[in-house]
Amino acid sequence: MSRLKSIFQQTWQNLYLAAILIFLYAPIATMMVLSFNSSKSRTQWGGFSLQWYRDMFASRNIMAALQNTLLIAFLSALIATVIGLAACIAINSMRTVPKAVIMGITNIPMLNADIVTGISLMLAFIAFGISLGFKTVLIAHITFNIPYVILSIMPKLKQTSRATYEAAMDLGAGPIYAFFKIVFPDILPGVLSGFLLAFTMSLDDFIITHFTRGAGINTLSTLIYSEVRRGIRPSMYALSTMIFLIVLSLLIISNFAPKKKEQI
Amino acid sequence: MNQPLINLKNITKSFDGAVVLDDLNLSVAENTFVTLLGPSGCGKTTTLRIIGGFETADQGQVIFDGEDISKLPPNKRQLNTVFQKYALFTHMNIAENIAFGLKIKGKSKTYIQDKIKYALKLVNLDGFENRSVSSLSGGQQQRIAIARAIVNEPRVLLLDEPLGALDLKLRQDMQYELIRLKNELGITFIYVTHDQEEALTMSDTIVVMNQGYIQQTGTPEQIYNEPENAFVADFIGESNIIHGTMIRDELVEILGARFACVDKGFGTNKPVDVVIRPEDIDLVEPSRGTLTGICTHLIFKGVHYEMEVTTPDGFEWLVHSTDMCPVGKQVGIHVDPFDIQIMNKPASEDEEAVGVNE
Amino acid sequence: MNKLLRKNLLAGPYLFWSLGFILIPLLLIVYYGFTDREGSFTLSNILSIMTPEHRKSLWLALELSFVSTVICLVLAYPLAMVLRNRGMGRGSFIVFIFILPMWMNFLLRTMAWQTLLEKNGVINGLLAALRLPPQGLINTSGAIILGMVYNFLPFMVLPIYNVLCKIDDDTINAARDLGANFMQTLFLVWLPLSIPGIISGITMVFVPALTTFVISNLLGGSKILLIGNVIEQEFTRGGNWHLGAGLSLVLMIFILISMALIAKYDKNGEGSAF
């Protein structure tokens, strides 16, 4: 009796999981399929084709946007990681009150609505006299990336025992040597996943870029937005598929690679 | 023994193909304190969880007061559990925790109030009604967990290593409290522990388990004084387990010397295991000893000295005594006949477990 | 002391950065929100929320995001519970699969639904193949809600799942042991213990849904204006920045309320998604 009931329950649960998975992935899968469809129609399969990928790579607009996107993602993640790492080390040894204040500030861009963050940065750039363009997008991305870096590194830094660091100093290592030889290897997984997280967030962002980019430059997100409003072209599907695969592999690396390291 | 309250019949359970319990039979009499004792992984907690209804046995039955409850979910069973890590509801205060089961049963407000008062008094925590769970120490949380269980007036209270997380002194205090509670409430306790001292102190009956089999069931005295096999002897207290030969009834040969004993019926010239507790060994003048050896190790333990006496064949005897014997001194070993416990040798590792599962 | 000071200096760049690009920008919104084009103090930007069209767009945004949040919660809670009860660890691939869309570019996700819902989109194509009449799916409130649920569901699943994973099995067993059936266990134990995650999830869905302009733009057409669309247009189409800032300040009230809720119910950051 009870076994039958639990099998019944299991089946329901599996169906539920499957239904949600379909809901989450069917639209993405549809786009992927359409990206290989030689017909422009969304309902007729005209045969397999890489035509839209060729279109995509031939498009100067798309390639420029891709270049901007990758460059901004890389630079903003890198700079955010450096600033964030330094901040983490300082925050970790701070007293409760300043620590709480800084962590509170860190939370603002994460909890605030993107539209408000975007607008506020836009107003600030104009007030500071910085003309909107590549620079401002980069600064904006660094700004919203730092909190993710800090939140990735902080837990690792807290776990790292003070004792090993002190033991290294006791054995004659200077503080900088001790940090890079003892503490840094410990928090490296956090630093890397912070970097990758920042990279992905940057790739993913549309709203903040939308307000801070000015007229001259596009990232993939802003390009897609303006294209889509005019009607979706199949090369957009090709682009989506590519972005999806890039982000997927980045996430798999950042989620599963550091853990393997810890097991060794 | 009166009619058993709980009867486990042929219980078999495996997890992911690993057999945890194999054809286990156990009966528990009403109003007794029964302890399931064994090393971790022996199946004692699984047994308890099967009684509680948190696991279902692959095969076999759980009979409660003559009724098969194997298929009943935990919320329909007339027993309550005190969990290892207390499992208090952290979002409720103490009174709400204790009232939980009673509210579910739809008891009246005044009844619940009275019960909370009574239970808190019983566990010596009067006035704690409005405290939060997190403000209590481990020992206090454990008492609340007990109070939360007993207000439901279960016929059986299941306790899963409830004192495991407490420090030594507190653990000893709680042991006495549990005995007092059991006597005041008059309900059956089934207690799981790996701590042999806890088991010996509190239980009416001890069930020693290993690798999914029951090794021996008996009173604390029986388990300690008459272990049925080497595992029980080794697990309960410290002991010298020595290979010997049963010459005839009431005479056993150990390490070339013959000792008088009280055991009979092992046949003649049969290899046996001999158990001698360290405190049962008398160190005497070499001339008066059945065996002689040299004291090779001495540690002061507070209540007694712990010594190691090495006999010429190289066997190291563990000896507990209030008299000190300096290292290097030659001594005689004497054991009174009733302090020698003879056990059949297991034919194989496997039989060691199976052979005693009766 | 000297050493500590030197260590604190490492926070310098970050403090400088957050001052320049987090705090000052926010103050600028406040400044713009309370001034007119001549720079003199005014409340009219804030009060313009009371005009019928703004009030309507705010109300619609509240309505749609509320409905989406409820749907997300109803879908996510059982999902998180099943994932937790299957004993899937936090690093497990199955859990990862459910959280993954959270990191996908949400323009792409919205575009995907546009593809499905459009007049000559995939769903209507399938309907035609079944000889059913085409449906007006896109440019409706329903399409916007669908887009919101689709985009933000993982943000509800993750914090709830994280909180549920921290509930000890024995706490649930204790409730069952004390006589609670499944529903009682759910309402007396599971739900109260997962409030930090629920609140965090609600915030993470409600705030972006309330302030979105992309989903409403792509799936709602030009006729359905949410408060986010109004603000966006004020800033990007050469509108009145002061007015846009004023409306943003009104929006910030809702954001602050959710921050306060998180602070109240999720003191230890148990429900945090990251």
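Residues numbered from 1 in each chain as written. Chains lettered and ligands numbered in written order. Predicted model: local features only at pLDDT ≥ 70, side-chain atom pairs only at ≥ 80, totals over all residues. Heavy atoms only, no water.

Trainee: Go over the interface of chain C and chain A with me, naming the residues and quoting the values.
Mentor: Contacts between the two partners involve 79 residues from chain C and, on the opposite side, 80 residues from chain A. Carbon and sulfur atoms make up 79% of the area that chain C and chain A hide from each other, which totals about 7,400 Å². Summed over the three residues of chain C that lose the most area to chain A, namely Tyr14, Trp17 and Trp103 of chain C, the buried surface amounts to 10% of that side. Across the contact surface, chain C and chain A share 0 salt bridges. For the side of chain C that touches chain A, the leading source of residues is helix H2 (residues 12-33) of chain C, giving 15 residues. (Contact = heavy atoms within 4.5 Å. Buried area = accessible area lost by both parts, 1.4 Å probe. Salt bridge = Lys/Arg side-chain N within 4 Å of Asp/Glu carboxyl O. Helix = DSSP H or I, 4+ residues; strand = E, 2+ residues; numbered from the N terminus.)

Trainee: Any details on the nonpolar core? Residues and values, ideally.
Mentor: Counting 186 residues, the largest nonpolar core has Ile115 and Leu239 of chain A, Phe100 of chain B together with Met111 and Val214 of chain C as its most contacted members. Looking at which element gives the most residues to this core, the answer is helix H8 (residues 141-166) of chain C, with 15 residues. In contact with Met111 of chain C, other than residues within four places in its own chain, are Met31, Ile224, Val228, Ile232, Met236, Tyr237 and Ser240 of chain A. Ranked by size, the runner-up nonpolar core spans 37 residues in total, among them Tyr86, Ile116, Leu120 and Val151 of chain B. (Core = buried A, V, L, I, M, F, W, Y, C linked by side-chain atoms within 4.5 Å. Buried < 20%, exposed > 50% of the residue type's maximum accessible area, 1.4 Å probe, protein only.)

Trainee: How would you sum up the sheet that holds strand S4 (residues 59-64) of chain B? Please name residues and give values.
Mentor: Residues and elements named next belong to chain B. Strand order in the open sheet formed by 4 strands is S2-S1-S4-S5, with antiparallel pairing between adjacent strands. This sheet does not close on itself; its edge strands, each paired only once, are strand S2 (18-29) and strand S5 (67-68). As judged from the 2 bridges shared by S4 and S5, these two strands associate in the antiparallel manner. Note that in S5 the partner of Ile63 across the bridge is Asp68. Along the sheet, helix H1 (residues 44-52) makes contact with strand S1 (4-15), S2 and S4, crossing S1 at roughly 120°. (Pairing = 2+ DSSP bridges. Axes fitted to C-alpha atoms, helices over the stretch in contact; angles between N-to-C directions.)

Trainee: Can you tell me about unusual backbone geometry, naming the residues and giving the values?
Mentor: Negative phi is the rule for most residues except glycine; trans is the rule for most peptide bonds. Residue and element names in this part refer to chain B. Positive phi outside glycine occurs at Ala87, with the angle close to 50°. Tracing the sequence through the fold places Ala87 in the loop between strand S6 (79-82) and helix H2 (94-104). Classification of Ala87 by relative accessible area gives buried; the value is 5%. At Gln211, a residue that is not glycine, the phi angle is positive and equals roughly 50°. For Gln211, the location among the structural elements is in the loop between strand S9 (205-210) and strand S10 (213-218).

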